[in-house]
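Spelled out, the chains give:
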Amino acid sequence: MTDLESWVEALEAELGLPPGTVDVGAVLDLARDAAHSVARPAAPVTTYAVGFADGLAAAGDLSATASSGPDATEKAISLAARWPAD
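Being a predicted model, the structure only gives us computed values, none of them experimental.

S.K.: Give a description of the packing of aromatic side chains that names residues and reports values.
M.R.: Tallying each qualifying case throughout the model produces 1 aromatic pair. With 5.9 Å between their ring centres and 25° between their planes, Tyr-48 and Phe-52 make a pair best called stacked. Of this pair, Tyr-48 and Phe-52 both sit in helix 3 (residues 42–59), 4 residues apart, roughly one helical turn. By relative accessible area, Tyr-48 is classed as exposed at 57%.

S.K.: I'd like a rundown of the pattern of salt bridges, residues and numbers included.
M.R.: Enumeration according to the criterion identifies 3 salt bridges in this entry. Of the charged contacts in the structure, one is a salt bridge between Asp-29 and Arg-32, with a shortest N-O distance of 3.1 Å. In this pair, Asp-29 and Arg-32 both sit in helix 2 (residues 24–37), 3 residues apart, roughly one turn of the helix. In this structure Arg-32 comes out as partly exposed when scored by relative accessible area, which is 41%.

Rules behind the numbers
- Residues numbered from 1 in each chain as written.
- Predicted model: local features only at pLDDT ≥ 70, side-chain atom pairs only at ≥ 80, totals over all residues.
- Heavy atoms only, no water.
- Phe/Tyr/Trp six-rings, centres within 6.5 Å; stacked < 30°, edge-to-face > 60°.
- Helix = DSSP H or I, 4+ residues; strand = E, 2+ residues; numbered from the N terminus.
- Buried < 20%, exposed > 50% of the residue type's maximum accessible area, 1.4 Å probe, protein only.
- Salt bridge = Lys/Arg side-chain N within 4 Å of Asp/Glu carboxyl O.

Note that all results are geometric; they support no functional claim without further evidence.
Structural data, given as structure tokens:
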């Protein structure tokens, strides 16, 4: 098991998430796209925002216009891809 896998397993347990909740590949892909298309600091901000949307959706608190899950991730990736280059 890699350090990252160990960390994610411990983090899920610490936060009370079921094992396997965190899709590491999807999070890293999203962070990469935001960092490369927007700016490096956009990576953690973007992944946080998508995670927040997912949490609200899980709690049933999203408005009809908000997105969660794969839809939120895809929308964020799409926005990063469309972001104007410097």
